[in-house]
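Chain residues, written in single-letter form:
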Protein chains: 4
Amino acid sequence: MKVDLNSDLGESFGNYTLGMDSRVIPLVTSANIACGFHAGDPAVMKNTVRQALESGTALGAHPGFPDLVGFGRRKMDVSPADAYAMIIYQVGALAAFAKAAGGRLQHVKPHGALFNMAARDAKLAEAIANAVYDVDSSLILYGLSGSESIKAGEHVGLRTASEVFADRSYQEDGSLTPRSQAGAMITDEEKAISQVLSMVREHKVTTLSGKVIAVKADTLCIHGDGEKALLFAQKIRAALQENNIEIAASGSFIR
Amino acid sequence: MKVDLNSDLGESFGNYTLGMDSRVIPLVTSANIACGFHAGDPAVMKNTVRQALESGTALGAHPGFPDLVGFGRRKMDVSPADAYAMIIYQVGALAAFAKAAGGRLQHVKPHGALFNMAARDAKLAEAIANAVYDVDSSLILYGLSGSESIKAGEHVGLRTASEVFADRSYQEDGSLTPRSQAGAMITDEEKAISQVLSMVREHKVTTLSGKVIAVKADTLCIHGDGEKALLFAQKIRAALQENNIEIAASGSFIR
Amino acid sequence: MKVDLNSDLGESFGNYTLGMDSRVIPLVTSANIACGFHAGDPAVMKNTVRQALESGTALGAHPGFPDLVGFGRRKMDVSPADAYAMIIYQVGALAAFAKAAGGRLQHVKPHGALFNMAARDAKLAEAIANAVYDVDSSLILYGLSGSESIKAGEHVGLRTASEVFADRSYQEDGSLTPRSQAGAMITDEEKAISQVLSMVREHKVTTLSGKVIAVKADTLCIHGDGEKALLFAQKIRAALQENNIEIAASGSFIR
Amino acid sequence: MKVDLNSDLGESFGNYTLGMDSRVIPLVTSANIACGFHAGDPAVMKNTVRQALESGTALGAHPGFPDLVGFGRRKMDVSPADAYAMIIYQVGALAAFAKAAGGRLQHVKPHGALFNMAARDAKLAEAIANAVYDVDSSLILYGLSGSESIKAGEHVGLRTASEVFADRSYQEDGSLTPRSQAGAMITDEEKAISQVLSMVREHKVTTLSGKVIAVKADTLCIHGDGEKALLFAQKIRAALQENNIEIAASGSFIR
């Protein structure tokens, strides 16, 4: 039994520092590295790629909307054709840093509003999957478990990694409870850990309404924004190891 | 005897159209495609790559300063480390479009102020050459004949293409006469064509002062901004062919 | 009987030229000048303000989403607080060019997706109206006739100008027929002119479905993108004058 | 005897926080607020203006080069005409936030590379001074004591505030010792304070070479980047007060 731990990294920009990359990188197996549209810049990308390579953390592109001031979190009504092109661009830019440093990309995980929109919009999801496939058909596409993104990735012939969340509750249709609703966040750490174990070992999660639904858990999203988040990441790691779940980069076990 | 004809392409952006790419592409053997920093955007890059591939024109990246409003023509005091990273980023982005369309890059030609600064600044030239080499050591680096760019490219082990100009006069040190000086531009078309023939056949050019100096002429820069420029491009092509000079992409003859 | 003619101007950017401003400006009474977010740059703003002043055309700010590559035409999920701040910013920037050139702003017309979203979203409309009022309570807010924008403007105490279109058909609720639907565009010039005359003289428009509804027509949007558009603008002007409708800047008659 | 204390503020951007504005604002009399080109965004500008107003700190615009990734610290070869327009734009944007919040601007201090370049380049300095004057002739222009900026400001008829530095050594021509040279920074706090007192009380400073030269000290630049900087700001304040030097906004005493 294996699970990948992924985290959003390389989100600094110019004179601005964000995140605690040097402390998060050793805790995860896959790095989602920002590509300069919603965060990151060429110098940050270069340095983050090197840090991840040195730590043995697998490299992934984390492309987002061209909205630096909104950090890629604002929905934009982008056409599938434009989404295709912006994915090619960003993945290509990061792949070049990987190659220049002697590595290569393992995966692509869309960021923020692009990730959320692609989970529900089949046409957008298809454009993204096609772009990833066209840049490098060996890349793994990360998407919300059960989402249109995962379906589109499988449809075009990509390997996919279904992502789950420790700190978010689920709806009966497999979607995340919107943050605007009560019960969206799981703040009890024991409950969060137990949700993760259930998802990874039994492929099941108990929804906010109490129903048990199926879920695929290839990769778990780890937050690195603060001391508390880092501590929780370490607890998750310990709980997985105690339960004989191997923590490994998705590229080593996804077929 | 062979010479490459290159032109700056893909300079449109969003709602803005610039240049007459569909008419210039068939006239040249190498396309310098803007990479989104000084001009171009992901959708434009995708379309320009496809147009060039369909026409059999070799693909090149045309990276520039991050200065869209200044079109990359304003000098920026960028450190060699930042120049290295911005070249990796832009070349990688364009290489991904080439790959997605079933092609690959032949060359890299820095744009505008970056091109001019690198011609004289050995450290900047070295950073650019290293970046190109680290992304793909088979790429050809385009630079002003006799410049620091060419020296740096050769030093890191890249193939290089020395570029010459039909419509600019030369100084005794091999540099172009600055546009601010009288006699910088060669407006007499016959004189411009004769300068090209001399550079390509005899590896010589007569400077503004009247001295004959050596010059290497692997590739000639073709402008596509206006009917007159297109007409002149056709005249140059005819003159080269009449003189049994083969017009061919640099990748076919540069070693 | 009076009507204002407004047009989107100053949409060039850096090396990119868009529109035929010098020919459109004399045909309209109010200039909507782009403010650097979706189009325009400081140098273009300066020049457009001067051209409009010289021609006696009233000055207006045309603020849009921060999306140059999408020309402000893509919906962005911007919070009312962020919309408030981006309006203040853009209107302030243009007002400074007006002041530096010895003029002052008459109006504000939001651009593209921001205009369309504000027509339906009361909270967004309110944020925009508050921003305009807070910068200068004497400014006139332009909005689609019958829209939330106009209601919000009136509510905060601004003067408003209700805008109508010659070349778009109307729905029974007073909204424009979406471009995706058949019959959205009115291509018959005689029909377009007759729609304008009906709206201005009788405050009525016949909807696509054939029903006659009330409409307020303070200002008419004039397009300047092409010879045909310019010719049509001249026809509209002639038809208005023949019918004794005075063409005047909104500031001269809106109370 | 009076002196103004100014600090660079409002340098956060989108999701990125920079500086400790809420702690610096009460320590200074004049706030230089970033205007969105090298740092800051509309929401940050709005909030910073409100914070400064609440604290009674005078408002100033801090315009810079359009280079967010370089934080406006990289020299750009901008024409005087473009500099004029970018100053109008940025000052106008900030002035609108001031007006919306019930305040008004006191001063303009160019940022980073623009500040440094204008100190030596008379044409650039003149363009900036003209822009400030044309937006609002009552604004005070901040510049390095003895610089071309101050001369240009006086020449166009602006009030000017000559700025001095506590932690930088001076050359015999009144310029700051470049950071690349030994002795550029004054790290001894007692020495820095004594330099300030000499500049404010006696209008004199001892250069790095030991010569005593004249200096005008209307305003002192206060850094807010770290606990140590804040502590030093408090020491400077205490030293000024002990020596009966009144700390006051430049607008209250500059004629």
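Refer to the preceding data block for the structure.
Residues numbered from 1 in each chain as written. Chains lettered and ligands numbered in written order. Predicted model: local features only at pLDDT ≥ 70, side-chain atom pairs only at ≥ 80, totals over all residues. Heavy atoms only, no water.

**Q** Mind showing me how you'd approach the relation of the copies chain C and chain A here?
**A** Superposition of the two copies of the chain requires a rotation about an axis and a shift along the axis. Placing chain C over chain A gives an RMSD of 0.0 Å and needs a rotation angle of 180 degrees, together with 0.0 Å of translation along the axis. Such a combination of rotation and displacement between the chain copies is what one expects of a two-fold axis. Across chain C, the smallest distance between a C-alpha and the rotation axis is recorded for Met76(C), namely 2.3 Å. A share of 100% of interface residues in chain C that are also interface residues in chain A marks the association as one of identical surfaces. (Least-squares fit on C-alpha atoms with pLDDT ≥ 70 in both. Contact = heavy atoms within 4.5 Å.)

**Q** Is there a simple way to think about the environment of Arg120(D) in this case?
**A** Residues and elements named next belong to chain D. Considering the arrangement of structural elements, one finds Arg120 in helix 4 (residues 112–120). Using a relative accessible area of 65% as the deciding quantity, one classes Arg120 as exposed. Dropping the residues within four chain positions of it, Arg120 is found in contact with Glu148 and Ser175. (Helix = DSSP H or I, 4+ residues; strand = E, 2+ residues; numbered from the N terminus. Buried < 20%, exposed > 50% of the residue type's maximum accessible area, 1.4 Å probe, protein only.)

**Q** Sorry, what's going on with the side chain of Thr57(D) here?
**A** Residue and element names in this part refer to chain D. With respect to the element layout, Thr57 can be found in the loop between helix 2 (42–55) and strand 3 (58–62). Thr57 sits in the buried class, given a relative accessible area of 3%. Within the structure, Thr57 has its side chain in polar contact with the backbone oxygen of Val28 (distance 3.4 Å). Contact partners of Thr57, with chain neighbours within four places excluded, come to Ile25, Val28, Thr29, Ser30, Ala31 and Ala52. (Polar contact = N/O pair within 3.5 Å; in protein donor to acceptor, adjacent residues only side chain to side chain.)

**Q** Whenever I open this one, the interface of chain A and chain B confuses me. Can you help?
**A** Much of the literature gives interface size as the accessible area that the parts lose upon coming together. Contact with chain A, which involves 24 residues of that partner, is made by 24 residues of chain B. Applying the counting rule to chain A against chain B returns four residue pairs in polar contact (both at pLDDT 80 or more). Of all the secondary structure elements, the ones that give two or more residues to the side of chain A that touches chain B are helix 2 (42–55), helix 3 (80–100) and helix 5 (122–135) of chain A. When residues in the side of chain A that touches chain B are grouped by element, the largest group, 13 residues, is from helix 3 of chain A. Across the side of chain A that touches chain B, the residue classes tally to 16 nonpolar, two polar and six charged. (Nonpolar A, V, L, I, M, F, W, Y, C, P; charged D, E, K, R; others polar.)

**Q** What is the right way to read the pattern of salt bridges from this model?
**A** If charged atoms from side chains of opposite charge come close, those side chains can pair. Per the stated rule, a full pass over the model turns up 40 salt bridges over all chains. Between Asp82(D) and Arg74(B) there is a salt bridge, with the nearest N and O atoms lying 3.6 Å from each other. Within this pair, whereas Asp82(D) is found in helix 3 (residues 80–100), its partner Arg74(B) is found in the loop between strand 3 (58–62) and helix 3 (80–100), the two belonging to separate chains. Exposure remark for Asp82(D): the relative accessible area of 28% places this residue in the partly exposed category. A relative accessible area of 9% means that Arg74(B) is categorised as buried. The partner of Glu163(C) in a salt bridge is Lys109(C), with the nearest N and O atoms 2.6 Å apart. (Salt bridge = Lys/Arg side-chain N within 4 Å of Asp/Glu carboxyl O.)

**Q** What is the right way to look at the relation of the copies chain A and chain B in this model?
**A** Least-squares fitting of chain A to chain B yields an RMSD of 0.0 Å, with the superposition described by an axial translation of 0.0 Å and a rotation of 180 degrees. Most of the interface of chain A is mirrored in chain B, where 100% of its interface residues are also at the interface.

**Q** Is there a simple way to think about helix 7 (residues 189–202) of chain C in this case?
**A** Turn by turn, an α-helix covers 3.6 residues, leaving residues three or four places apart pointing in a common direction. All names here are of chain C. The terminal C-alpha atoms of helix 7 lie 19 Å apart, and with 14 residues this matches the ideal 20 Å at 1.5 Å per residue to within 8%. Contact partners of the buried residues in helix 7: strand 1 (2–9), strand 6 (159–164), strand 7 (204–206), strand 9 (219–221) and helix 8 (227–242). Near the N-terminus of helix 7, the side chain that reaches the backbone nitrogen of Glu190, with its oxygen 2.9 Å away, is that of Asp188. Just beyond helix 7, the residue with positive phi is His203, at close to 60 degrees. (Expected span 1.5 Å × (residues − 1).)

**Q** Where do I start with the nonpolar core in this structure?
**A** If you look at soluble globular proteins, the nonpolar side chains tend to sit buried side by side. With 328 residues, the main nonpolar core has Leu240(A), Ile236(B), Leu240(B), Leu240(C), Ile236(D) and Leu240(D) as its most contacted residues. For Leu240(C), the contacting residues outside a window of four places in its chain are Val3(C), Leu5(C), Val196(C), Leu197(C), Ile245(C) and Ile247(C). Ranked by size, the runner-up nonpolar core spans 13 residues in total, among them Ala39(B), Leu68(B), Ala39(C) and Leu68(C). (Core = buried A, V, L, I, M, F, W, Y, C linked by side-chain atoms within 4.5 Å.)

**Q** Whenever I open this one, unusual backbone geometry confuses me. Can you help?
**A** Backbone phi values are negative for most residues with the exception of glycine, while trans is the configuration of most peptide bonds. At Asn244(A), a position not held by glycine, the phi torsion is positive, near 55 degrees. Positionally, Asn244(A) belongs in the loop between helix 8 (227–242) and strand 10 (246–247). In this structure, Phe71(D) is a non-glycine residue whose phi angle is positive, near 55 degrees. Considering the arrangement of structural elements, one finds Phe71(D) in the loop between strand 3 and helix 3.

**Q** What exactly am I supposed to notice about the packing of aromatic side chains here?
**A** In total, this model carries 16 aromatic pairs over all chains according to the counting rule given. A ring pair is formed by Tyr16(A) and Phe71(D), whose centres lie 6.2 Å apart and whose planes are at 85 degrees; its orientation type is edge-to-face. One end of the pair, Tyr16(A), is in the loop between strand 1 (2–9) and helix 1 (21–24); the other, Phe71(D), is in the loop between strand 3 and helix 3, on a second chain. Three or more aromatic residues joined by ring pairs make a cluster, and in this case those are Phe13(A), Tyr16(A), Phe71(A), Phe13(D), Tyr16(D) and Phe71(D). For the cation-ring pair, Lys109(B) lies above Phe115(B), with the distance from its terminal atom to the ring centre recorded as 5.6 Å. (Phe/Tyr/Trp six-rings, centres within 6.5 Å; stacked < 30°, edge-to-face > 60°. Lys NZ or Arg CZ within 6 Å of the ring centre and 35° of its normal.)

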